[in-house]
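Here's the letter readout for the chains.
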Amino acid sequence: MKKTGYQSLRCGLLGEHLGHSFSPQIHRELADYEYRLIELAPDELAGFLTGDGYDALNVTIPYKKAVIPYLDELSDEAQRIGAVNTIVRRDGKKYGYNTDYFGFDSLITHSQIPVAGKKVLVLGTGGASLTVQAVLADRGAGEITVISRNGADNYGNLDRHTDAEVIVNATPVGMYPNNGVSPVSLRRFPRCEGVLDLIYNPARTALLLEAEELGIPAENGLYMLVAQAASACGFFTGSPVGSDAVEQITAGIALDTQNIILIGMPGCGKSTVGREIARISGRPFVDADEEFVRRYSVTPADVITGEGEERFRQMEHTVLCELSKKSGYVISCGGGAVTREENYAPLHQNGVILFLQRELSRLSTDGRPLSKGRSAEELYRERIDAYRRFADLEITSTEVVEKTATAALDAIARRQIPERQV
Ligand code: NAP
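Residues numbered from 1 in each chain as written. Predicted model: local features only at pLDDT ≥ 70, side-chain atom pairs only at ≥ 80, totals over all residues. Heavy atoms only, no water.

Asks: I keep staring at the site of the ligand and nothing clicks. Help me out?
Replies: Near the ligand, the surroundings consist of 19 residues, among which Thr125, Ser148, Arg149, Leu198 and Gly221 are the closest. In the model, an oxygen atom of the ligand is placed 3.0 Å from a nitrogen or oxygen of the Ala128 main chain. Note that a nitrogen atom of the ligand is positioned 3.0 Å from one of the backbone N or O atoms of Leu198. For the ligand, whose accessible area on its own is 900 Å², the fraction buried by protein is 75%. Broken down by secondary-structure element, the contributors of at least two residues to the shell around the ligand are helix H5 (127–138) and helix H7 (222–237). Classifying every residue of the shell around the ligand by side-chain character gives 11 nonpolar, 7 polar and 1 charged. (Near = heavy atom within 4 Å. Polar contact = N/O pair within 3.5 Å; in protein donor to acceptor, adjacent residues only side chain to side chain. Areas by Shrake-Rupley, 256 points an atom, 1.4 Å probe, with all protein chains shown as cover. Helix = DSSP H or I, 4+ residues; strand = E, 2+ residues; numbered from the N terminus. Nonpolar A, V, L, I, M, F, W, Y, C, P; charged D, E, K, R; others polar.)

Rendered as structure tokens:
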């Protein structure tokens, strides 16, 4: 499936600050050409683009417009949108394309959210919004309304548009590290039948979590990201990439970047099994109780004894919100994390939640103040509904840690295949 025979092709991603980009990983899976990150200051752009140091490029913020004067020809989409994210040198000329157009078009197909004839609200007016608007127009959207903080249609007069049927978030609101905020409340749009969020970190923004809660079909931006890269790969190599490769790479990245979160009764072995899952899968591990101590320099037991359970739960919530912004971690939660409903959204936003079951007679009670005074049976009866409400998967401890961890990883991989909607 991976394209081979392109080792001599020098490709890369051009931008100013690239940070942690998924693009090298995606392109590595698409083809065997060289793909590097090229961070340039604005005054270095001209020298680089007119030089001979590359064969093909992706371009990102803030250079999607700035590269245009250096190109010989633009594709129709690039011309219409006024932005280029793919450059290819061919026959002594430089060609510019906008593969975000194909990325968003593919995302609509993948999501199965119909847009033809629908009233669509597009949030934001940046480069991504222009691409979204071009695709929606070409797909025959009935009415496209762009919401801007400073425009005629803005967040203060959304009441004009409560009849919106599809909502597209093309703003960075809710994107890591500012997780948990949403540009609009979907409850204002009773006719909404689909939500597309271009953000892919976290996997479920606050907007997508609300869509999930309301039963509205929704999709994040990861598929778009992979589809635009696949389209660029087609231009780089001259041979198109099939949609099955896009599906597969998207599923792989979703699996690698999600957190594996363990919940379960105190003393059921979450930390031990979590550490083993981390070892086998090569992920970092973090124990929420240890993180609590690192953050507050006091143990959960001391807070519970000194200030009461309510204060402890507030502090624990802050810790869980921070931890669950991470990607690709194994996170072991305290046994009572499920007793606060507000912990669900942060844990779920980027994670698969695993409920680890263990025979009650085998639970360890060492140093666990909440277990004192109440039997394991009582606690279990109190919490079982909440564990099940939070959990995506339930695993029973086999008492052989490695076996339990392997079973958990197998169950997660099996679950990932059919999961498409966020
Ligand atoms: P941008 O130019 O930085 O921002 C887009 C627009 O969002 C702005 O023009 C602004 O519109 C609005 N906005 C910014 N901050 C806001 C805030 N605090 N509250 C409300 N609105 C705000 O970004 P972009 O390049 O268009 O990208 C937008 C989003 O799409 C980003 O999250 C980006 O990561 C994502 N994206 C994803 C893909 C993908 O492949 N999945 C591709 C491209 C972009 P107004 O000033 O008019 O309100």
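Asks: Teacher, can you tell me more about the side chain of Gln258 here?
Replies: Turning to its location among the elements, Gln258 is positioned in the loop between helix H8 (243–257) and strand S12 (259–263). Those residues in contact with Gln258 that lie beyond four places of it in its chain are Arg283, Gly328, Tyr329, Asn350, Val352, Ile412 and Gln416. (Contact = heavy atoms within 4.5 Å.)

Asks: Just checking my understanding: could you explain the sheet that holds strand S5 (residues 86–90) for this structure?
Replies: Sheet strands line up and pair through hydrogen bonds in the backbone, either parallel or antiparallel. In space, the 6 strands of this open sheet follow the order S2-S1-S3-S5-S6-S4, with mixed pairing throughout. Two strands close off the open sheet at either side, each with one partner strand: strand S2 (34–39) and strand S4 (73–74). Along the sheet face, helix H1 (residues 23–30) touches strand S1 (10–15), S2 and strand S3 (56–59) and points at about 160 degrees away from the line of S2. In this fold H7 packs onto S1, S2, S3, S5 and strand S6 (93–97), with an angle of close to 10 degrees to the strand it touches most, S5. (Pairing = 2+ DSSP bridges. Axes fitted to C-alpha atoms, helices over the stretch in contact; angles between N-to-C directions.)

Asks: Help me out: how do you make sense of the packing of helix H4 (residues 99–111) against H7 in this one?
Replies: Relative placement of two packed helices is described by the angle separating their axes and the distance separating the axes. Where H4 contacts H7, the two axes come as close as 7 Å, and the packing angle between them is 130 degrees. Compared by their axis directions, H4 and H7 come out oblique. H4 and H7 meet at a crossing whose hand is right-handed. Every residue of H7 that contacts H4 at Thr99, Asp100, Phe102, Gly103, Phe104, Ser106, Leu107 and His110 is listed here: Tyr223, Met224, Ala227, Gln228, Ser231, Ala232 and Phe235. For the contact of H4 with H7, the residue count by class is 8 nonpolar, 6 polar and 1 charged. (Parallel < 35°, antiparallel > 145°, perpendicular 65-115°, else oblique. Left-handed = near helix turned anticlockwise from the far one by under 90°.)

Asks: Whenever I open this one, the pattern of salt bridges confuses me. Can you help?
Replies: When charged atoms on two side chains of opposite charge get close, those side chains can pair. Taken as a whole and judged by the stated rule, the model has 27 salt bridges. For Glu34, the salt bridge identified is with Arg36, shortest N-O distance 3.4 Å. A residue is classified by how much of its surface remains accessible, and Glu34, at 35% relative accessible area, is partly exposed. Between Lys93 and Glu73 there is a salt bridge, with the nearest N and O atoms lying 3.1 Å from each other. With Lys93 in strand S6 and Glu73 in strand S4, the pair connects residues that are 20 residues apart, well separated along the chain. (Salt bridge = Lys/Arg side-chain N within 4 Å of Asp/Glu carboxyl O. Buried < 20%, exposed > 50% of the residue type's maximum accessible area, 1.4 Å probe, protein only.)

Asks: Which parts of the structure should I look at to understand unusual backbone geometry?
Replies: The general pattern is negative phi for most residues beyond glycine and trans for most peptide bonds. Here the residue pair Tyr176 and Pro177 is connected by a cis peptide bond, since its omega of 5 degrees sits within 30 degrees of zero. Mapped onto the secondary structure, Pro177 falls in the loop between strand S9 (166–169) and strand S10 (194–197). Following Asn201, the chain continues into Pro202 via a peptide bond in cis, with omega recorded as 10 degrees. Within the fold, Pro202 resides in the loop between S10 and helix H6 (206–214). Even without being glycine, Gln112 reaches a positive phi, approximately 60 degrees. Mapping Gln112 onto the fold places it in the loop between H4 and strand S7 (119–123). On the basis of relative accessible area, Gln112 is assigned to the exposed category, the value being 61%.

Asks: Looking at this model, I keep getting lost on the nonpolar core. Mind explaining?
Replies: Burial of nonpolar side chains together is a common tendency in soluble globular proteins. Counting residues in each nonpolar core, the largest one holds 48 residues, and the members touching the most others are Ile26, Tyr33, Phe104, Leu136, Val168 and Phe236. In terms of residue count, H7 provides more of this core than any other element does, 11 residues in total. Counting residues in each nonpolar core, the second largest holds 45 residues, with Phe292, Leu356, Leu363 and Ala408 among its members. (Core = buried A, V, L, I, M, F, W, Y, C linked by side-chain atoms within 4.5 Å.)

Asks: Looking at this structure, how should I read the pairing of strand S16 (residues 393–396)?
Replies: Consecutive side chains of a regular strand alternate in pointing toward one face of the sheet and then the other. Across the two faces of S16 the burial differs, with Leu393 and Ile395 buried and Glu394 and Thr396 not buried at all. One ladder, built from 4 bridges, connects strand S15 (residues 351–357) with S16; its direction is parallel. The partner of Gln357 across the bridge, within S16, is Thr396.

Asks: Can you help me understand the packing of aromatic side chains in this one?
Replies: In this description, a pair of aromatic rings is defined by centroid distance and the angle of the planes. Under the defined criterion, the tally for this structure stands at 9 aromatic pairs. Each ring, one from Tyr97 and one from Phe235, has its centre 3.8 Å from the other, and the planes form 15 degrees; the classification is stacked. Separated by 138 residues along the polypeptide, Tyr97 in strand S6 and Phe235 in helix H7 bring together distant segments of the chain. An angle of 55 degrees between the planes, with centres 5.3 Å apart, marks the rings of Phe292 and Phe312 as tilted. Of this pair, Phe292 sits in helix H10 (residues 288–296) while Phe312 sits in helix H12 (residues 309–323), and the two are 20 residues apart along the sequence. For the pair Phe292 and Phe312, one class covers both residues: buried. Cluster of aromatic residues (ring-pair linked, three or more members): Phe292, Tyr296 and Phe312. A cation over an aromatic ring shows up here: Arg89 above the ring of Tyr54, its NZ or CZ 4.5 Å from the ring centre. Looking at Arg90, its charged tip hangs above the ring of Tyr95, at a distance of 4.5 Å from the centre. (Phe/Tyr/Trp six-rings, centres within 6.5 Å; stacked < 30°, edge-to-face > 60°. Lys NZ or Arg CZ within 6 Å of the ring centre and 35° of its normal.)

So far we have only geometry, and geometry alone does not tell us how the molecule works.
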